[in-house]
Amino acid sequence: MVNVTDAARAILARNDRGGYTVPTDGLYPFQWNWDSAFVSMGFATFDIDRAYQELERFIQGQWNNGMFPHIIFHVPSDSYFPGPDVWQTEQCHSKKPMTSGITQPPVFGIALRFLYEAVLVTGRHDMLERTHTLFNAALRSHRWWLKARDPDKRGLVAILHPWESGSDNSPAWDEALARVPTTTKTEICRQDTKHVNATMRPRNIDYQRFTHLVEVYRECQWDPIKQWSHAPFKIADVQMTAILARATADLIWMASQLNLSDALEELFTMHQLLINGLNSRWNQHIRGFVSLDLISGKDIEKPTQTCFIPLIALELDSYQRKSIQEEIERWCQGMVIGIPTTAPFSPDFESKRYWRGPVWAVINWLIADGLRKNQLKELAAIIEGNTISVIERAGFCEYFDPITGEGLGGNTFSWTAAAYLVLRRRLTGD
Ligand code: DGY
């Protein structure tokens, strides 16, 4: 019988394109921002050099203004839409590789700490310069986040495109996205539905709006100030803010390890601002945290996984802890595998459609981390154990149907393999 840990490592080897990893062959043929950060942590469980390389290849795409783009197009491929010809971002970075024009959740700082902790365990002393380079890139990107995406200093960073959230077609964005026109100048040549059944992917009308938004920002020449004032979609997102806040805390840890006292003060200020912002988003009715639509001014009360992600950054009070624990248990009742990314009792729930219900291993990983941080270790271990079991039963799929446990979306997925390696080590020590 094939050892599943070996199989997970083999997926990472198979998706390795020479120092960076594609999420999966065909469907996603380039380097993706948050995918790569998770993948680097998977590599760190068995090959620390390769783990560092993953982040080093990624920062080659960093923009002059500090932004980490969501896709790095290291080599051409026609199996994905929209490619570099649609984004047209050449002026934003001085050299190749080509990149997209939006960003994704800043898991990078979390990954960097994870990697550096692994370095400390091995006692290697030759990684300092590489660590400094990655730290400086991360710090520049956090500065970009605060300046470009929280100009009003709310302590909440905004997404200007659903793709930035990583949860593209989540019901959380429905109302805001419905205001975005469906007209496009670009011919939409969807490639994703050639790889994956269309019922598991966003709809065509979603792609029209996604593409319309790309065109608006391209016309702003990707200038953050112009984008901010022209954006037809602008959401202060608690998932993004929580990941940034947690990554900032991890950079604080890094700065103290590396004796970088100048950076420390700046990072403390950033962190406090984000923590205050997140704390202001608790919602009693939802029993979680809610994002804010900056155009309508309305709270987004859709029950999606975003409501739980702030656990990774915050220390909850006992009432919040109990509420979140009960809510997660309620969402998982009757499911073969939790945590669904949309509550099953919601009218928006679709068990097979991408971010409208399916379970994602990396989301379970983040939520379990948050539960551990908040002394809910038993529930964390259940979620981690279930994630491992569903992967062992269904394979390294992109996501899973919570009702049946069936594997969905792309196969041989890198971040599912990485989640397996990290969570299994956490639970069993191997
Ligand atoms: C896609 O193309 O499906 C991605 O989620 C956008 O990054």
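This write-up is about the structure you can find in this document. This structure is a prediction, so every number in the text was calculated from the model and none was measured.

As a further point, take the side chain of S36. Secondary-structure assignment places S36 in helix α2 (residues 33-44). Residue S36 is classed as buried on the basis of its relative accessible area of 1%. When neighbours within four sequence positions are excluded, S36 is seen to be in contact with T21, Q31, E54 and L55.

Right, let's talk about the packing of aromatic side chains for a bit. Applying the stated criterion across every chain, the model contains 35 aromatic pairs. Measuring from ring centre to ring centre gives 6.0 Å for W360 and W415, while their planes differ by 85°; the resulting arrangement is edge-to-face. You can see W360 sitting in the loop between α14 (318-332) and α15 (361-373) and its partner W415 sitting in helix α17 (residues 414-428), a full 55 residues away along the chain. W415 shares its class with W360; the two are buried. One aromatic cluster is present, built from ring pairs that chain together W34, F38, Y354, W355, W360, W365, Y399 and W415. The aromatic ring of Y354 is capped on one face by R201, whose charged end is 4.4 Å from the ring centroid. Between the NZ or CZ atom of R330 and the centre of the ring of F345, over which it lies, the distance is 4.0 Å.

On to α15, then. Between the first and last C-alpha of α15 there are 18 Å, a value that for 13 residues agrees with the 18 Å anticipated at 1.5 Å per step. Among the residues trailing α15, Q375 stands out with phi positive, at a value near 60°.

Neighbouring the ligand are Y28, W32, H70, Y80, W163, D168, R201, Y207 and Y354. Within the side chain of Y28, one N or O atom sits 2.9 Å away from an oxygen atom of the ligand. Between an oxygen atom of the ligand and a side-chain N or O atom of R201, the distance comes to 2.9 Å. A total of 230 Å² of accessible area belongs to the ligand in isolation, and the protein chains cover 96% of it. Most atoms of the ligand, that is more than half of them, are within 2 Å of grid points of the largest cavity.

What follows concerns the packing of helix α3 (residues 48-59) against helix α5 (residues 108-122). Packed helices, taken two at a time, are described by their axes: the angle between them and the distance between them. Contact geometry for α3 and α5: axes closest at 10 Å, N-to-C directions at 150°. Between α3 and α5, the interaxial angle falls into the category roughly antiparallel. The element α3 and its partner α5 pack so that their crossing is left-handed. Across the interface between the two elements, I48, A51, Y52, L55, F58 and I59 of α3 pack against F108, L112, L115, Y116, A118 and V119 of α5. Each residue belonging to the contact of α3 with α5 can be placed in one class, and the counts come to twelve nonpolar, no polar and no charged.

Parameters and conventions
- Residues numbered from 1 in each chain as written.
- Predicted model: local features only at pLDDT ≥ 70, side-chain atom pairs only at ≥ 80, totals over all residues.
- Heavy atoms only, no water.
- Helix = DSSP H or I, 4+ residues; strand = E, 2+ residues; numbered from the N terminus.
- Buried < 20%, exposed > 50% of the residue type's maximum accessible area, 1.4 Å probe, protein only.
- Contact = heavy atoms within 4.5 Å.
- Phe/Tyr/Trp six-rings, centres within 6.5 Å; stacked < 30°, edge-to-face > 60°.
- Lys NZ or Arg CZ within 6 Å of the ring centre and 35° of its normal.
- Expected span 1.5 Å × (residues − 1).
- Near = heavy atom within 4 Å.
- Polar contact = N/O pair within 3.5 Å; in protein donor to acceptor, adjacent residues only side chain to side chain.
- Areas by Shrake-Rupley, 256 points an atom, 1.4 Å probe, with all protein chains shown as cover.
- 1 Å grid on protein atoms, 1.4 Å probe; cavity = no way out; pocket = protein on both sides within 12 Å on 5 of 7 lines; lining within 4 Å.
- Sits in = over half its atoms within 2 Å of the grid points.
- Axes fitted to C-alpha atoms, helices over the stretch in contact; angles between N-to-C directions.
- Parallel < 35°, antiparallel > 145°, perpendicular 65-115°, else oblique.
- Left-handed = near helix turned anticlockwise from the far one by under 90°.
- Nonpolar A, V, L, I, M, F, W, Y, C, P; charged D, E, K, R; others polar.

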